[in-house]
There are 2 protein chains.
Amino acid sequence: MRAVMMYGPGDVRVEERPRPEILAPTDAVIRVTATCICGSDLWPYRGLEPLAATPQRMGHEYIGVVEEIGAEVRNLTAGDYVVGSFVASDNTCEICRAGYQSRCVHQVMMGAIGTQAEYARIPLADGTLVRTPAEPTPEQVPSLLAASDVLGTGWYAAVAAEAAPGKTVAVVGDGAVGLLGILAASQLGAERVIAMSRHADRQALARRFGATDIVADRGEAGVAAIKDMTHGLGAHSVIEAVGTQGSMEQAIRSTRPGGHIGYVGVSHDVTLDGAELFFASVHLHGGPAPVRRFLPELVELIWDGVIVPGDVFDLTLPLADAAEGYRAMDERRAIKVLLTL
Amino acid sequence: MRAVMMYGPGDVRVEERPRPEILAPTDAVIRVTATCICGSDLWPYRGLEPLAATPQRMGHEYIGVVEEIGAEVRNLTAGDYVVGSFVASDNTCEICRAGYQSRCVHQVMMGAIGTQAEYARIPLADGTLVRTPAEPTPEQVPSLLAASDVLGTGWYAAVAAEAAPGKTVAVVGDGAVGLLGILAASQLGAERVIAMSRHADRQALARRFGATDIVADRGEAGVAAIKDMTHGLGAHSVIEAVGTQGSMEQAIRSTRPGGHIGYVGVSHDVTLDGAELFFASVHLHGGPAPVRRFLPELVELIWDGVIVPGDVFDLTLPLADAAEGYRAMDERRAIKVLLTL
């Protein structure tokens, strides 16, 4: 089968690899029908994060059809259309039952397996995969694929930030996760959703996803703008979807005392000052999103046409052109790239 | 009147000072009937924090009798017995109404006024002071005084850590706040409350306040002990009541994914690693405790004899002997010192 491999910074190739097989009786193998490139894939692409192997399999987002199941898989059969999270989880352990499937005691990171490929082995298939009601239409595919990570992660950020009716939510980061955090905050009933973005195309998408206001300023000026819009108090809720020192500080300083920060940008070289955090009096919660917690609800919202998160994909390429997809995202020519199979 | 003044590290004196007067129409002046020395007073005493002035007035905990009120004070009259928080707050602004009176938009830190004195001016008296049902008995005084900060702070930590039935709560720090965090967690119905302490007298008090288990190990060994007691997962809730790098790391590493940390130890030279916090997947909330939020409930629990937080005072001295009180706490001969007037 063909699979995307990264050999080093800027070096992505599509190569022939052995088709995955069932290794554990709880595994399934799916035929991937769509996958995509994640903002987090850009960290090693830009040389800002080491590769786990050379070459490294890539991809952790996927939608597909069950091809084969292990002997202990109970809830799936070949032919089922499924979507799963970027973390495989048993969905039965104490941590999963508390809603933190991304920290399942048996968790397997799908990125280590690689889903930018024609087939993928899915560990803990019963716990990990969620069936769609039927074969999705071509229009539904991008939205269901988005649920696999960026929508689920943005949704988690909005939940962690306690976006809700009557609240003002500020969103730091206008990548796919930030944009879908806007969609989530809006769906969760937030009164005001402030997108922090300086790119016209992303501002437009933010509006479409429910942003009521746009702030183009960053850093201290961005914080001041949020304060100005909230009687000097700061936002009730802030979604942080970048993962840098600047974005975390912007998030903390934009939040009112007692407010909530949902942070989902994978943290890179961030150190938080204890005293600043202490006197900020905010709630801080985040980390790798337990997407599985939200998947059944998200699939339903997509199926019913209530949300169209697939609009976040602004470039679609065949898997064979994955290298061009990475370049487009790296050069910010694309927000998020869908790869067809 | 006599008041406690700090001239520098280790140099505490009781001196004659002018009696405070009403400055704003929302002020009250109270005759202090009992006050105490706080663990946070030891930071400047030990030279680990600069003095705000030389000499600096000391004290922010108090119970007393209203002596005089300003023209705009509506809810109090001379002769009322009152307790208040270490932060004066209007209790009407948006932040107060959200339960964060310690970050009131008009907040005044009582430590800047000094309550280790015969009289104290209380700003924003209507918002700050809570009346006791009647004149307290001598047995009730220490408990009501504890509500002013250490009980209120420990209670807030337990609430921030979401201590509740069915949960295991670990408490980092065996000072007065940590010990009263144990009392709070127990009152809030926690199934298991683990006190982290290596001092026999504090362990005994922890047991009296509701600790079900004691862990004497600290640092990584302490974390390992908590993991061992929780199927390798970590505690659901952790109260942090120290404020050092080590105590924060111990708290973060002792908490299970999805668990809650309530941190109330005033942060000193702490930096948190963003990536560690991200992958810990914990909820982090704390800061200066909004004691005023809890005061009515705490006064009632004390009045009804449900809780006896005053047991945390293990040394009582007249105000004139404040210097000895500071020495006793600095040398760990006393957990917390009550000063009588």
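As named in an unreviewed UniProt entry, chain A is Zinc-dependent alcohol dehydrogenase family protein, taken from Microbacterium lushaniae. The UniProt entry for chain A carries this comment under Sequence similarities (unreviewed entry): "Belongs to the zinc-containing alcohol dehydrogenase family." Under the UniProt heading Cofactor (unreviewed entry), the note attached to chain A is "Zn(2+)".

(A) Structural detail: the sheet that holds strand β4 (residues 56-57) of chain B. All names here are of chain B. On the basis of which strands lie adjacent, the open sheet formed by 3 strands has the order β2-β1-β4 and antiparallel pairing. Bordering the open sheet on either side are β2 (11-16) and β4, each of which pairs with just one other strand. As defined by bridge partners, strand β1 (residues 2-8) adjoins β4 across 2 bridges and the pair is classed as antiparallel. Paired with Met5 across the bridge in β4 is Arg57. Where helix α12 (residues 322-330) meets the sheet, it contacts β1 and β2, and its direction lies at approximately 160° from that of β2.

(B) How the structure looks around the packing of helix α5 (residues 150-160) of chain B against helix α6 (residues 176-187) of chain B. Residue and element names in this part refer to chain B. Between α5 and α6, the least distance of the axes is 7 Å, while the angle of their chain directions is 55°. Comparing their axes, α6 and α5 come out oblique. Like other packed secondary-structure pairs, α5 and α6 cross with a definite hand, here right-handed. The residues of α6 that touch α5, namely those facing Val150, Leu151, Thr153, Gly154, Trp155 and Ala158, are Ala176, Val177, Leu180, Gly181, Leu183, Ala184, Ala185 and Gln187. Taken together, the residues of the contact of α5 with α6 break down into 10 nonpolar, 4 polar and no charged.

(C) Structural view of the state of the cysteines. A full pass over the atoms with the stated rule returns 0 disulfides over all chains. Of all cysteine sulfurs, the one in Cys36 of chain B lies closest to Cys38 of chain B, which takes part in no disulfide; the gap is 7.3 Å.

(D) Local environment of the relation of the copies chain A and chain B. Overlaying chain A on chain B yields an RMSD of 0.0 Å, the required transformation being a rotation through 180° with an accompanying axial translation of 0.0 Å. Expressed as a symmetry operation, the mapping of one chain copy onto the other fits a two-fold axis. An overlap of 100% is found between the interface residues of chain A and their copies at the interface of chain B, pointing to a shared contact surface.

(E) Layout of the pattern of salt bridges. Within the structure shown, the criterion is met by 36 salt bridges over all chains. Across the pair Asp80 of chain B and Arg131 of chain B runs a salt bridge whose closest N-O atoms are separated by 3.5 Å. Here Arg131 of chain B lies in strand β10 (residues 129-131) and Asp80 of chain B lies in the loop between β5 (63-69) and β6 (81-84), a separation of 51 residues in the sequence. Three or more residues joined by partner-sharing salt bridges are found here, namely Glu220, Glu249, Arg253 and Glu276 of chain A.

(F) Structural context of the packing of aromatic side chains. The final tally for this structure, using the stated rule, is 8 aromatic pairs over all chains. Pairing Tyr45 of chain A with Tyr326 of chain A gives two aromatic rings, centres 5.4 Å apart and planes at 35°, and the pair type is tilted. Linking Tyr45 of chain A in helix α1 (residues 42-45) with Tyr326 of chain A in helix α12 (residues 322-330), this pair joins segments that are 281 residues apart in sequence. Relative accessible area serves as the criterion here: at 8%, Tyr45 of chain A is assigned to the buried category. Ring centres of Tyr156 of chain B and Phe294 of chain B lie 6.3 Å apart, and the angle between their planes is 40°; on these two criteria the pair is classed as tilted. Here Tyr156 of chain B, found in helix α5, pairs with Phe294 of chain B, found in helix α11 (residues 291-303); they are 138 residues apart in sequence, far enough to count as distant. Aromatic rings pair up to connect Tyr263 of chain A together with Phe278 and Phe279 of chain B into one cluster. Between Arg13 of chain B and the ring centre of Tyr7 of chain B, over which it is positioned, the NZ or CZ distance is 3.6 Å.

(G) A look at the domain arrangement of chain A. All names here are of chain A. Domain assignment breaks chain A into domain 1 (2-149 + 290-340) and domain 2 (152-286). With centres defined by C-alpha atoms, the gap from domain 1 to domain 2 works out at 26 Å. Contacts between the two partners involve 24 residues from domain 1, matched on the other side by 21 residues from domain 2. Among the salt bridges present, the one from Asp311 reaches Arg208, with a minimum N-O distance of 3.0 Å. Inspection of the domain 1/domain 2 interface yields 5 residue pairs in polar contact (both at pLDDT 80 or more).

Reading the values: rules and limits
- Residues numbered from 1 in each chain as written.
- Chains lettered and ligands numbered in written order.
- Predicted model: local features only at pLDDT ≥ 70, side-chain atom pairs only at ≥ 80, totals over all residues.
- Heavy atoms only, no water.
- UniProt positions renumbered as here; feature names shortened; annotations may be inferred.
- Pairing = 2+ DSSP bridges.
- Helix = DSSP H or I, 4+ residues; strand = E, 2+ residues; numbered from the N terminus.
- Contact = heavy atoms within 4.5 Å.
- Axes fitted to C-alpha atoms, helices over the stretch in contact; angles between N-to-C directions.
- Parallel < 35°, antiparallel > 145°, perpendicular 65-115°, else oblique.
- Left-handed = near helix turned anticlockwise from the far one by under 90°.
- Nonpolar A, V, L, I, M, F, W, Y, C, P; charged D, E, K, R; others polar.
- Disulfide = S-S within 2.5 Å.
- Least-squares fit on C-alpha atoms with pLDDT ≥ 70 in both.
- Salt bridge = Lys/Arg side-chain N within 4 Å of Asp/Glu carboxyl O.
- Phe/Tyr/Trp six-rings, centres within 6.5 Å; stacked < 30°, edge-to-face > 60°.
- Buried < 20%, exposed > 50% of the residue type's maximum accessible area, 1.4 Å probe, protein only.
- Lys NZ or Arg CZ within 6 Å of the ring centre and 35° of its normal.
- Domains from an automatic or database assignment.
- Polar contact = N/O pair within 3.5 Å; in protein donor to acceptor, adjacent residues only side chain to side chain.

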